[in-house]
Amino acid sequence: MKLLSAALTRTLDQATIQAQGITSLELMERAATALFDWILTELRPAYSTPIHLFCGPGNNGGDGLALARLLHEAGYAAHVWLLPAKRYSADFTANRLRLPAEVPCQELAAARFPELPASAVLIDALFGTGLSRPLTDLAAEVVAHLNRSPALRIAVDLPSGLLADAPQPPDSPLVQAHYTLCFELPKLAFLLPGHAAFVGEWHTLQIGLEQEVIHNMAVDNYFIEDNYLKGCLPKRPRFSHKGTFGHALLLAGSQGKVGAAVLAATACLRGGVGLLTVRVPQVGYAILQTAVPEAMCLPDSAPDILTELPDLTPYAAVGMGPGLGQQAASREVLRQLLQTATVPLVLDADALNLLGANRELLELLPPDTLLTPHPKEFERLVGIPARHDYHRLEQLRAFVRQHRCYCVLKDAYTAVAAPDGTLYFNGSGNPGMATGGSGDVLTGLLLALRADKRLSALDAALLGVYAHGRAGDLAAQETGEAGLIASDLVRFIGPALQELTASAPGL
Ligand SMILES: NC(=O)C1=CN([C@@H]2O[C@H](COP(=O)(O)OP(=O)(O)OC[C@H]3O[C@@H](n4cnc5c(N)ncnc54)[C@H](OP(=O)(O)O)[C@@H]3O)[C@@H](O)[C@H]2O)[C@@H](O)CC1
Ligand SMILES: Nc1ncnc2c1ncn2[C@@H]1O[C@H](COP(=O)(O)OP(=O)(O)O)[C@@H](O)[C@H]1O
Ligand SMILES: [K+]
């Protein structure tokens, strides 16, 4: 699913209007009807629930006015509050005129804000994608008033005050919505950590925008939908053998962190790898052989850290990093790996920290290497703290272009960056995954998918990131979010991958 800028959204509106031979007012009516349907099915308000709609001067306000009419016609208690302005959009005015006289409709004034008790529902239709500058004066006061209320706040299209695709000036007034309901496609702004407290839970409502036009739009941000990857993992051929799915090598673990190697190894096996060899220091040998009997173990000669790179000839992919530590000897193993590897690499955790601390190593990254930093590791990799969430995404694009690599920037909405700078945001997963070892599981899973020659680097990254989150969602159904631990993720990798597997055999 594409993520459109505000400008592209406007283009899409106009193209839909032309292609379908409808008026912009009819499109607004579709939007209002979709909002109305969602409110009725999801919130099921009582007829007596006061629904206060705060409407701005543009089409976002027009949506609010049309929704107020629909609610009133269905017997609900709609109250409209208008933000006075010098100019109003044509569709705002048309819907203002269509509002039945019985619907209470007043202009907002600083001295006359309505009381908004906990029992009320507030619809924020002040500003949407047309916001051109931060809110000030009366609009800012209204936003503060809405945020003070204990009532449920629902934002239409965007929480008012949020700029659609530009960084937010610090402390600018912003509605803190519990729900944000937008049309057809989500917005990039919803996926950024700094906006979570304002966007709340977001939903997309279908309003019949032209799919053909969306299809032809060039964008560099995508959202991975639930059904997008279904069937993308090739079915296993009947006569496959363990060589079909590749032999992976995992370099992981150090004194006190052998568990990271165990988690990554079990995840790699559950990810469908044919064979797995794990390189751990001596301290990890018995642990690994006991905890993961399916994996072969090739212990390093050093007692507590990795100091030697094994012969890479047998392996289809190599993963390095979980629990590694950052000793100089391990750095040299990483250097040798980068200099000699001719197969796909997956680098995580301390392998990334070593790259960040020894930036000359970045020049050695083989093309299509997959890196999986969390934001702090990413900051160490690029060496410059991001000024804001959009800046971090710019840094991410620049990084993958410069190093011709894939980078999985892990977060609530993990971004998979391809070497051409395209970003794919993942929506699966839940806060239960914010627990030690979740990232090690992802590394193991991605290593398995990179060892599978049937998958491209991009498909492996997208499938792995999505399946990791999906495993978290399946696990949380059993354990709850608080009780989820990384080994639960491993248990659900199989079911998550099964959902993504093609039903028919590939060629
Ligand atoms: N496909 C879709 O997605 C569909 C979208 N639809 C809806 O249209 C909405 C976009 O409507 P829109 O373009 O009229 O913009 P909107 O956000 O109402 O605001 C514009 C007004 O605000 C003003 N203004 C701006 N900044 C300001 C400030 N800081 N302080 C004060 N004023 C400020 C600005 O004035 P100006 O900047 O010109 O001075 C102008 O008057 C979209 O979010 C969705 O809800 C549906 O109807 C149909 C399908
Ligand atoms: N709130 C969340 N929603 C979805 N996924 C999450 C959330 N918090 C963490 N995750 C996922 O869990 C993993 C955590 O990785 P990482 O920070 O490297 O953990 P660790 O270093 O402990 O192994 C990432 O894949 C991240 O996307
Ligand atoms: K809004």
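Residues numbered from 1 in each chain as written. Chains lettered and ligands numbered in written order. Predicted model: local features only at pLDDT ≥ 70, side-chain atom pairs only at ≥ 80, totals over all residues. Heavy atoms only, no water.

*Asks:* Would you explain the pattern of salt bridges in this entry?
*Replies:* Any two side chains of opposite charge can pair, so long as their charged atoms come close to each other. Counted by the stated rule, this structure contains 16 salt bridges. Lys-376 is paired through a salt bridge with Glu-379; the nearest N and O atoms lie 3.4 Å apart. With Lys-376 and Glu-379 both in helix α12 (residues 375–382), this residue pair falls 3 residues apart, about one helical turn. Since its relative accessible area comes to 27%, Glu-379 is described here as partly exposed. Residue Arg-392 is joined to Asp-389 by a salt bridge in which the shortest nitrogen-to-oxygen separation is 3.3 Å. Here Arg-392 and its partner Asp-389 are both found in helix α13 (residues 389–403), 3 residues apart, which amounts to about one turn of the helix. In this structure Asp-389 comes out as buried when scored by relative accessible area, which is 18%. Overlapping salt bridges, with partners in common, bring together Arg-331, Glu-332, Arg-335 and Glu-360 in one network. (Salt bridge = Lys/Arg side-chain N within 4 Å of Asp/Glu carboxyl O. Helix = DSSP H or I, 4+ residues; strand = E, 2+ residues; numbered from the N terminus. Buried < 20%, exposed > 50% of the residue type's maximum accessible area, 1.4 Å probe, protein only.)

*Asks:* When you look at the sheet that holds strand β7 (residues 201–205) in this model, what are you seeing that I'm missing?
*Replies:* Whenever strands of a sheet pair, they do so through backbone hydrogen bonds, lying parallel or antiparallel. Pairing within the open sheet is parallel, and its 7 strands lie in the order β3-β2-β1-β4-β5-β6-β7. One side of each edge strand has no neighbouring strand; the edge strands of this open sheet are β3 (105–107) and β7. Within this sheet the neighbouring strands show an average axis-to-axis angle of 20°, counted without direction. Bridge analysis of strand β1 (residues 50–55) against strand β2 (residues 77–82) gives 6 bridges, and the strand direction is parallel. Looking at the pairing, Phe-54 lines up with Trp-81 of β2. (Pairing = 2+ DSSP bridges. Axes fitted to C-alpha atoms, helices over the stretch in contact; angles between N-to-C directions.)

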